[in-house]
Amino acid sequence: MSEYDVINSRLSRLDTPDKATGRALFIDDISFSNMLYGAILQSPLPHAGIINIDTSAAEKLPGVKAVITAKDVGTVKYGVSPARYDETLFCQDKVRYVGDEIAAVAAVDQATAQEAVSLIKVDYEELPAVLSVEEALAEGAPQLHAEYPGNYTAQVHQEFGDVKAGFEICDLIKSSTFVNKRQDAAFIEPPGCVAVFDLHGALTLYSSTQVPHYVQRTVAMVTGLPVGKVRVLKPYVGGGFGIKASANANELAACFLSMKTGRPVKMNLSREQVFKLCRARHQFLHKMTTGVKKDGTLVSLEHECYLDGGAYSSFGIATVYYAGSLLGGPYKLQNMKYDGYRVYNNKPPCGAQRGHGGVAARAAWEQQLDMIAEELGMDPFDLRLKNMMQAGDVTCNDLNMSSLGMEECLQTVQDGSEWKKKKGRLPKGKGIGMACGFFVSGAGYPIYRSDTYHCTAIVKLAEDGGLAQVYTASAEIGQGSDTAFGMIAAEALGVPLSDVRVMSGDTDMGVDLGAYSSRQTLMTGHAVKEAAEDVKHQVLEVLSKELSVPVQDMSIKKGRVVFHRQEPDFSELRTRYIKEHRGWTDNPKDEPLTFREASRIAYLARGSIVGTGKYKPHELGGKYKGAAVGTSPAYGCSAQVVEVEVDLETGQIRIEKMTDAHDCGLAINKTSVEGQMEGSLSMGLGEAMFEEVKFDARGRVINADLAEYKIPTAVDMPPIETIVVESNEPNGPFGAKEVGEGAIMPTIPAILNAVYDAVGVRIFELPLTPERIYTAVQDYHERQKAS
Amino acid sequence: MLLPKFEYDEPRSIEEACETLRTFGETVKPLAGGTDLMVNMKKGVVRPSRVLSLKKLKTCNRIEKLDATIRIGACTLVAELIQNQVIADTLPALQAGAKALGSPLIRNLATIGGNICSARPAADLPPALLVYGARVVLHSQQGPRTVLLKDFFKGPGQTVLRGDELLTAIELDRPPANSGAGYLNLGIRKVQDIDIINGAAYLALNPRDGTIEKVRVALGAVAPTPIRASLAEQALQGQKPSQDLFVQAGQAAQQDCTPITDFRGGAAYRKAMTSVLVRRVLETALKQIEK
Amino acid sequence: MKRIIHIRVNEQEYELAVEPNLTLADLLRDELGLTGTKKGCEMGDCGSCTVILDGRNVNSCLILAIQANGSSVQTIEGLETEAGLHPLQQAFVEKGAIQCGFCSSGMILSGKTLLDSNPNPGEQEIREAISGNLCRCTGYQKIVEAVADAGSDYQKGQGGE
């Protein structure tokens, strides 16, 4: 039995009854009277100078209320990281990808807005375009940004330990190259927003975002409004996965259009636009060389990586750092060298997606470790166990594994999958593979350099004490954070979850950096816990005075006041409470003193009982350049086993089973933890097997829909066994840490390793389409024959 | 995604529908399940000024088992092809094709006529229909004409259907005893996919000596239209079925196809898979006879 | 030009004037305020706009409202009864089969059409029945479990109509 009353359980989520019945409101379900509809004009060319923009025909179209271009909104640069603000809302003198924004229109309805967009006449002077890393880095290549020569968004050069010296003592050195493909987040809800500029000069933006706070700051910066005059609210959000984690042009355009017209403006993205405008996973090319001793001890890793970035930075600087730093663990590795390059080109920009920057790197390395294990004659589990870090260990790049249930994860998936019975004993065409991975539990630093708190929380008691209201600016985007915070507040306060109401996603409720980098449970959780404890303390202080019992001799549990020593006579308090509630039929009689009574008495004594909480990470390790990316108060980790069957004649893979164990610290809500694991595995499986955003020679996305861009269906997913491994994370609230992203880390390499086990050929390129498998096997046989 | 404006007609008879087609010509588009037309209209690929809904054409909704033939109304839902007992009993390869088409949601809207008329090279129903020797009934104001399905397709999205004609029914001879057929498709995902290649085969054996008396092999996504694999058929005709024979037929089928490389798959892979697929559908067909 | 249609939505009769180019999804959402029907792709690829039309689950983004003239439509809002949530809705809540919730309406309605004809489906049948409804959050695991669970309730006679 759990020592807790609320958390560490499987309570039903607070939001799901509304979602199961169609009551839950998402962005496109929100409308205002007198609302206008916006539409954006996007570049049809990958690279071109803008000679002239003529909006006169659009402006004359009946029903059009505003047409805006860079001339109207200015050219304030924005982006994700202040170190690379390289975008303006609208292009002024040149466009850099097919989809780059040029103008926007607000009109009385969608059809008119779209027609008006088609009437805007732009004269372009086409420029040569670069559509790949190779083209962008070629001698004399066209340059995208004058400020960032060579088409480099960012370069990283790091070395920890002495890699070269390390290689000298190695018995085996293995090199391989690996490439994934650009992945789209394919959340089912396309982003949208409604901007409402009011008569007091304040702007309210409703948006399908993961990060109300960052959107608020960006909108304020670009529009010139004070932060206090910009309020950002998110309704329910239909998935984000990292792509809704920064302000987008759609949101900014809606704000300007509302400011210009004085009317609410709604702007939705179509599915096709999602593929152009939304910044999803990069294509990474990894070259890795790992050196080991013959007993399997890892010694050195030399790593080079090229990111196919697209036209703007977006999250790119963080991404290129993550691609290196997240290989620091979970294995003991003394020497690591990393050279990373994030490269601009004339395709839509890429950004952050689940497992930010680390997924392809992890896939490349875990596959290489499997190759090493095979060559050393070691079981892949044994190689990993041999090198596994322990809780409290610090990586060569200063990541502190304050808790690490990796060994237990390995043990449970090994047993759960019956690995020992299967490995090496499966018939031809069947295979089993495994891998490990880990991820940050919240970025250690905000995206903009600041000493800000990462989150604040307020817990307020209703005046009758029957309800605790939790206010945060955090973002429930489907992961279950509202429920987690309700449970944390209820636990900390000592009341049942039904006595807690959670409000979130509104910048008026405080500061919260939002739902990205798997940060909310740990960070917002801390703030909520602190606020709830504050409220409890305030109530107990009043009780202490009234009953002459020291605060430390009382607590609240399951909605009742618990007296640790002798129970005092509280009948006078009860009488007062009942007097306040004449006519009520549910007044307390003989039961112990209730929290409801206590908090009513506290309210009478002090007025509103409001508790506050806040959190920012303690000083984290790493003083080197780029140390801010990868350091975190805690790390969640995962081990996974995948079983596959490959049709050797066609190359078709059937994933038969996936077993995943994840250490999430203490699980606040076990069902939600499993849900994050299952979702991670599914997204990983999609990237491994099917997903690839494809372009034509003119830089246009060929498969900008969910028919040709293929995410897993229910039939493509195998049964998933999830095993929740719990450690006690010293830096987490109640010992909790992340689960949202760590679980995707081992998925791709576990599949790669299983496919190798089945077909005997290593594949170094994703996705694992039947054609790729078939061709690789054929080539291998040809080579065998030749030699 | 907005649909452009158009006029809407819902004729109650084939004659009425044909009259509208004749009057408005190329500017009118028949609307059956809409799974293609609606998407293309939203994308702006087609912009009809008039849409002709076939919903009320009751005679086009039935599956009829006649003495020697089976007649499938063009507006029969793909889902109905899966559920219908006549299809399950007599045309299992067609049922298999129907099961492979789209998703349950799509199959509840898409029609057999629509799947034929959209003339996609990778469509799931034509290969099975081709191996059953299907004929399509095309109606105009002049009355009906019947065309062999193998002569119906002209190219991607192109058929012999005239602007004033409506496909109203598909007719198939009831396969004799001693016959069997199969359909298979190969895609990236397990369902809801546009096939990289698909194919069907039909075999009828001579009851006396067990040789192949009648054979049809059809392939999709390996040519501009669904095709009959005549070289494969020649290799099989009159022979005794065997594993080796099916392998040979599969190899011969490679010469029947002219696949292209596009973003969905490479020509070489498609060609290689032709052999595998043909061999496997022949095995399925033979198994059915043996059942 | 607008035309008059008669349509039954969640047991309620409506007489409505619609433009021919209005989709059923937009009719439900914009004209009737039934925003539980979601629009995820508007191309028939994702299933978030699933409704039950005359007993069949379909993508309402691919149907003209005018084509639904004379038809009966059930949306997610039509599943609850005075007794509370439909067994499928209840199972989705209890099993944790809902994360972001954007696919849930369609997923539940596809589950319902399956259970209405087969209250005891196998795992593979469930997966196939919901294969036109994409979900990016759950990996489908808990959705499959929820449909199976609700099926047991159906058999106990708590579900169905």
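Residues numbered from 1 in each chain as written. Chains lettered and ligands numbered in written order. Predicted model: local features only at pLDDT ≥ 70, side-chain atom pairs only at ≥ 80, totals over all residues. Heavy atoms only, no water.

(A) Molecular detail of the overall build of chain B. When helices and strands are tallied, chain B shows 11 helices and 14 strands. Over its C-alpha atoms chain B spans a radius of gyration of 19 Å, differing by no more than 12% from the 19 Å that the globule rule assigns to 291 residues. Along the first, second and third principal axes, the C-alpha atoms of chain B reach 60 × 45 × 30 Å. Put simply, chain B has 291 residues, and 59% of those count as buried. Restricting to contacts in chain B with at least 6 residues of sequence separation, those with at least 24 account for 61%. Surface accessibility of chain B: about 11,500 Å² in total, with carbon and sulfur atoms responsible for 48%. One way to put it: in chain B the 37 positive side-chain charges average out to a point 4 Å from where the 28 negative ones average out. (Helix = DSSP H or I, 4+ residues; strand = E, 2+ residues; numbered from the N terminus. Rg over C-alpha atoms; globule rule 2.2 N^0.38 Å. Buried < 20%, exposed > 50% of the residue type's maximum accessible area, 1.4 Å probe, protein only. Contact = heavy atoms within 4.5 Å. Areas by Shrake-Rupley, 256 points an atom, 1.4 Å probe, with all protein chains shown as cover. Lys, Arg positive; Asp, Glu negative; His and termini not counted. Charge placed at Lys NZ, Arg CZ, Asp CG, Glu CD.)

(B) Layout of the environment of Leu32 of chain C. Residue and element names in this part refer to chain C. By the secondary structure assignment, Leu32 is in the loop between helix H1 (24–31) and strand E3 (50–53). Sequence separation of Leu32 and Val9 is 23 residues, and the distance between their C-alpha atoms is 9.3 Å. Residue contacts for Leu32: discarding those within four places in its chain leaves Val9, Tyr14, Leu16 and Leu27.

(C) Layout of the sheet that holds strand E13 (residues 212–220) of chain B. Residue and element names in this part refer to chain B. In spatial order, the strands read E11-E12-E13-E14; together these 4 strands make up an open sheet with antiparallel pairing. For this open sheet the edge positions go to strand E11 (179–186) and strand E14 (227–228), each flanked by a neighbour on one side alone. Note: E13 against E14, 2 bridges, orientation antiparallel. When the sheet's bridge partners are listed, Leu219 is paired in E14 with Ile227. (Pairing = 2+ DSSP bridges.)

(D) Examining the interface of chain B and chain A more closely. At the interface, 22 residues of chain B touch 28 residues of chain A. Taken together, both faces of the contact between chain B and chain A bury some 2,200 Å²; the carbon and sulfur share is 58%. Our enumeration of links across chain B and chain A arrives at 6 salt bridges. Between chain B and chain A we count 11 residue pairs in polar contact (both at pLDDT 80 or more) in total. (Buried area = accessible area lost by both parts, 1.4 Å probe. Salt bridge = Lys/Arg side-chain N within 4 Å of Asp/Glu carboxyl O. Polar contact = N/O pair within 3.5 Å; in protein donor to acceptor, adjacent residues only side chain to side chain.)

(E) Broad picture of the side chain of Asn703 of chain A. Inspection of the secondary structure puts Asn703 of chain A in the loop between helix H19 (670–689) and strand E25 (720–725). Given a relative accessible area of 1%, Asn703 of chain A falls into the buried group. Ignoring anything within four residues of it in the chain, the contact list for Asn703 of chain A reads Phe275, Glu692, Val693, Lys694, Glu708 and Tyr709 of chain A together with Phe263 of chain B.

(F) Region of the structure containing the domain arrangement of chain B. Domain boundaries in chain B define domain 1 (7–53), domain 2 (60–173) and domain 3 (179–290). Spacing between the C-alpha centres of domain 1 of chain B and domain 3 of chain B amounts to 35 Å. (Domains from an automatic or database assignment.)

(G) Looking closely at the interface of chain C and chain A. Counting residues at the interface gives 42 residues for chain C, matched by 53 residues for chain A. For the pair chain C and chain A, the two sides together bury roughly 3,600 Å², of which 56% comes from carbon and sulfur. In terms of surface lost to chain A, no three residues of chain C exceed Gln99, Cys100 and Arg136 of chain C, which account for 22% of the buried area on that side. The tally of links between chain C and chain A comes to 7 salt bridges. The residue Glu674 of chain A makes a salt bridge to Lys142 of chain C at a minimum N-O spacing of 2.6 Å. Broken down by secondary-structure element, the contributors of at least two residues to the side of chain C that touches chain A are helix H2 (87–95), helix H3 (104–117), helix H4 (123–129) and helix H5 (141–155) of chain C. Tallied by class, residues from the side of chain C that touches chain A come to 14 nonpolar, 15 polar and 13 charged. (Nonpolar A, V, L, I, M, F, W, Y, C, P; charged D, E, K, R; others polar.)

(H) Region of interest: the packing of aromatic side chains. All told, the structure shown has 19 aromatic pairs over all chains when counted by the stated rule. Here the aromatic residues Phe26 and Tyr236 of chain A together with Phe102 of chain C are joined through ring pairs into a cluster of three or more. Over the face of the ring belonging to Tyr448 of chain A we find Arg217 of chain A, whose NZ or CZ atom lies 3.5 Å from the ring centre. (Phe/Tyr/Trp six-rings, centres within 6.5 Å; stacked < 30°, edge-to-face > 60°. Lys NZ or Arg CZ within 6 Å of the ring centre and 35° of its normal.)

(I) Examining the environment of Val247 of chain B more closely. With respect to the element layout, Val247 of chain B can be found in helix H10 (residues 243–256). The spatial distance from the C-alpha of Val247 of chain B to the C-alpha of Ile194 of chain B is 26 Å, given a sequence separation of 53 residues.

(J) Up close: the domain arrangement of chain A. Residues and elements named next belong to chain A. Domains assigned within chain A are domain 1 (16–23 + 453–615), domain 2 (31–127 + 188–239 + 244–277) and domain 3 (361–445 + 631–786). A C-alpha centroid distance of 38 Å is found between domain 2 and domain 3. On the domain 3 side, the residues contacting the 8 residues of domain 2 number 11 residues. Of the roughly 740 Å² buried at the junction of domain 2 and domain 3 (both faces included), carbon and sulfur atoms supply 71%. Where domain 2 meets domain 3, there are 1 salt bridge. Measuring nitrogen to oxygen at the nearest pair gives 2.8 Å for the salt bridge that ties Glu126 to Arg698. Linking domain 2 to domain 3 there are 1 residue pair in polar contact (both at pLDDT 80 or more). A per-class count over the side of domain 2 that touches domain 3 returns 5 nonpolar, no polar and 3 charged.

(K) Main features of the sheet that holds strand E16 (residues 430–440) of chain A. Residue and element names in this part refer to chain A. In spatial order, the strands read E16-E23-E24-E25; together these 4 strands make up an open sheet with mixed pairing. Across the chains shown, the open sheet's two edge strands, defined by having one partner strand only, are E16 and E25. Between one strand axis and the next, the sheet turns through 15° on average, direction left out of account. In this sheet, strand E24 (residues 653–663) lies alongside strand E23 (residues 635–646) in antiparallel orientation, the contact comprising 10 bridges. Looking across to E24, one finds that Cys637 is bridged to Asp663. Its contacts with the sheet put helix H12 (residues 380–387) on E16 and E23, and the angle it makes with E16 is roughly 20°. Relative to the sheet, helix H20 (residues 747–759) contacts E16, E23 and E24, its axis offset from that of E16 by approximately 160°. (Axes fitted to C-alpha atoms, helices over the stretch in contact; angles between N-to-C directions.)

(L) Structural detail: the packing of H2 of chain C against H3 of chain C. All names here are of chain C. Axis separation between H2 and H3 bottoms out at 10 Å; the angle between their running directions is 125°. Judged by the inter-axis angle, H2 sits oblique to H3. For the element pair H2 and H3, the recorded crossing hand is right-handed. Together, Leu88, Gln89 and Phe92 of H2 and Met107, Ile108, Gly111, Lys112 and Leu115 of H3 make up the contact between the two elements. Taken together, the residues of the contact of H2 with H3 break down into 5 nonpolar, 2 polar and 1 charged. (Parallel < 35°, antiparallel > 145°, perpendicular 65-115°, else oblique. Left-handed = near helix turned anticlockwise from the far one by under 90°.)

(M) Quick peek at H2 of chain C. Of all the positions in H2 of chain C, only Pro87, Leu88, Gln89, Ala91, Phe92 and Val93 of chain C are classed as buried. Where the residues of H2 of chain C are buried, they touch helix H1 (16–21) of chain A together with H3 and H5 of chain C. Two residues or fewer after H2 of chain C comes Gly96 of chain C, characterised by a positive phi angle close to 75°.

(N) Up close: the side chain of Ser518 of chain A. All names here are of chain A. With respect to the secondary-structure elements, Ser518 resides in the loop between strand E19 (500–503) and helix H16 (520–547). Side chain to side chain, Ser518 and Glu741 meet in a polar contact 2.8 Å long. The contacts of Ser518, once residues within four sequence positions are left out, are Phe439, Val440, Ser441, Gly442, Glu738, Gly740 and Glu741.

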